[in-house]
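Structural description and commentary
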Amino acid sequence: TANPFPRREGAHGVDSTSIKTSLRTTGLPWWRRRYAPDENSPTAPGISLALGSCLHPGTTFEREMSDAIFSGIDRHIDPDPSASTHGGIDALLLLGDQIYADATAELFDPIALYERFRARYRIAFQGHAMRRVMSRVPTHFVVDDHAISDDFAGSDESSIELYEVARREAANFQSHRYLDAGAPADETPRLWHDFKCRGHRLFCLDTRFERAPDHADSRQALLGKAQGDAFLAWFQSTRTDGEVLFI
């Protein structure tokens, strides 16, 4: 076969190698189910979602135990050939509290406020089984109070710095940044998004970071205006008879 890495003459007379890379997704179970034609599938095909929340890695000696749950999820990613349904997992939804920023009650926390959150994400996301699962199946995040502080219900003057840092780090680790392509560089990416999975429509809301319980307009008590408008437009968009929406 032809050499996939042809050698080319560099600008200074030195041979260089041109390497072509591709994302090898076609062999993954969720990719095959999503894009392989199935003549026996109804208009709205089946969908399998793995749901989880409240990931607390515990102490250094407990982290392997907390990561073990993802080993169980990993075993369900591949479809069962003997199952009557399509089997397998199409997406993983982590529905809040991926970290517990307030777990130590500020005891032994890093001096830098941003590092308090960043360190939590590094610890939570470094589990071997978790990383394997998220490399094999599309993963979507929903944020909740422990990404800031327990029972957080909106920022005020005393918590504005904490809020801004927590939101920025949540965006660094949990947002789908490709949705904000073209946004100003200093604008924090949004923590809500909609997506499709096997023809079904899903909307991941951010009902925590945009809370404003004292807002004059009660409709914006949980969702900011941009998110509220986007959700309403998504909800009211053309729907087929019997369509199930995931929110």
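Preceding this section is the structure that the text describes.
We now examine the overall build of the protein chain. Scanning the protein chain from N- to C-terminus turns up six helices and eight strands. In the protein chain, the order of α-helices and β-strands from amino to carboxyl end is β-β-α-β-α-β-α-α-β-α-β-β-α-β. Of all 247 residues assigned to the protein chain, the portion counted as buried reaches 38%. Long-range pairs, those at least 24 residues apart, make up 64% of the contacts in the protein chain between residues at least 6 apart in sequence. Accessible surface, the protein chain: about 15,600 Å² in total, of which carbon and sulfur atoms supply 53%.

With that out of the way, let us pick up the nonpolar core. If you look at the biggest cluster of nonpolar residues, it comprises 32 residues, and the most contacted ones within it are Phe-70, Ile-73, Leu-92, Phe-117, Val-133 and Phe-209. Those elements that place two or more of their residues in this core are helix H2 (63-74), strand E4 (91-94), helix H3 (113-124), helix H4 (128-136) and helix H5 (160-174). Ranked by the residues each element gives to this core, the list is headed by H5, at six residues. Not counting the four nearest positions on each side in its chain, Leu-92 is found in contact with Ala-50, Phe-70, Ile-73, Val-133, Met-134, Val-137, Pro-138, Thr-139 and His-140.

Direction vectors running N to C along H3 and H5 enclose 30°, while the axes themselves pass 9 Å from each other. Crossing angle aside, the handedness with which H3 passes H5 is right-handed. For the pair formed by H3 and H5, the contact residues are Leu-113, Tyr-114, Arg-116, Phe-117, Arg-118 and Tyr-121 on the first element and Glu-161, Leu-162, Val-165, Ala-166, Arg-168, Glu-169, Ala-170, Asn-172, Phe-173 and Gln-174 on the second. In terms of residue class, the contact of H3 with H5 is made up of nine nonpolar, two polar and five charged.

One pass over the structure, following the stated rule, counts 10 salt bridges. Residues Arg-122 and Glu-115 are paired through a salt bridge, measuring 2.6 Å at the closest nitrogen-oxygen approach. Since its relative accessible area comes to 44%, Arg-122 is described here as partly exposed. In this structure, the salt-bridge partner of Arg-201 is Glu-243, at a minimum N-O distance of 3.0 Å. A residue pair is termed long-range when its members are at least 10 positions apart, and Arg-201 in strand E7 (residues 200-204) and Glu-243 in the loop between helix H6 (225-236) and strand E8 (245-246) qualify at 42 residues. Since its relative accessible area comes to 18%, Glu-243 is described here as buried. Residues joined in a network through salt bridges with shared partners are Asp-74, Asp-78, Arg-132 and Arg-136.

Quick look at H5 now. Taking 1.5 Å per residue, 15 residues should reach 21 Å; H5 reaches 20 Å between its end C-alpha atoms and fits that length. Along H5, the residues classified as buried are Leu-162, Tyr-163, Val-165, Ala-166, Arg-167, Glu-169, Ala-170, Ala-171 and Gln-174. On the buried face of H5, the contacting elements are H3 and strand E5 (139-141).

A few words now on the packing of aromatic side chains. Inspection of the entire model under this criterion finds 11 aromatic pairs. A ring pair is formed by Tyr-121 and Phe-173, whose centres lie 4.6 Å apart and whose planes are at 5°; its orientation type is stacked. In this pair, Tyr-121 sits in helix H3 while Phe-173 sits in helix H5, placing the two residues 52 residues apart along the sequence. Taking relative accessible area as the criterion, Tyr-121 reaches 0% and is therefore assigned buried. What makes Phe-173 partly exposed here is its relative accessible area of 26%. Aromatic pair Tyr-163 and Phe-209: ring centres 6.0 Å apart, planes at 45°, arrangement tilted. Taken together, the residues Tyr-163 in helix H5 and Phe-209 in the loop between E7 and H6 connect sequence positions 46 residues apart. Relative accessible area serves as the criterion here: at 15%, Tyr-163 is assigned to the buried category. Among the residues examined, Phe-209 registers a relative accessible area of 2% and is labelled buried. Cluster of aromatic residues (ring-pair linked, three or more members): Trp-192, Phe-203, Phe-231, Trp-234 and Phe-235.

Quick notes on the rules
Sequence order sets the numbering: in each chain, residues are counted from 1 along the sequence as written. Only residues with pLDDT of at least 70 get local features here, since the model is predicted, and only at 80 or more are side-chain atom pairs given and counted; chain-wide, interface and lining totals rely on the full set of residues. Values shown for side chains rest on all heavy atoms present in the structure; no hydrogens or waters enter the calculation. We count a stretch as a helix when DSSP gives it H or I for four or more residues in a row; a strand needs E for two or more, and each element gets its number in order from the N terminus. Under the scheme applied here, a residue whose accessible area is under 20% of the maximum for its type counts as buried, over 50% as exposed, and between as partly exposed, the area being computed with a 1.4 Å probe on protein chains only. A contact between two residues is defined here by any heavy atoms of the two lying within 4.5 Å. Surface exposure here means Shrake-Rupley accessible area, sampled with a 1.4 Å probe, where a residue is shielded only by the protein chains that are shown. Nonpolar core, defined: a set of buried Ala, Val, Leu, Ile, Met, Phe, Trp, Tyr and Cys residues in which side-chain atoms within 4.5 Å join the residues together. In this analysis, axes come from line fits to C-alpha atoms, helices being fitted only over the stretch in contact, and the angle between any two N-to-C directions falls in the range 0 to 180 degrees. Throughout, a crossing is termed right-handed when the near helix is turned clockwise from the far one, and left-handed when it is turned anticlockwise from it by less than a right angle. Amino acids outside the nonpolar list (Ala, Val, Leu, Ile, Met, Phe, Trp, Tyr, Cys, Pro) and the charged list (Asp, Glu, Lys, Arg) are all regarded as polar, and Gly is one of them. We count a salt bridge whenever a side-chain nitrogen from Lys or Arg sits within 4 Å of a carboxyl oxygen from Asp or Glu. Helix span, expected: 1.5 Å multiplied by one less than the number of residues in the helix. Ring pairs are drawn from Phe, Tyr and Trp, using the six-membered ring of Trp, whenever the two centres fall within 6.5 Å, and their geometry is named by plane angle: stacked under 30 degrees, edge-to-face over 60, tilted for the rest.

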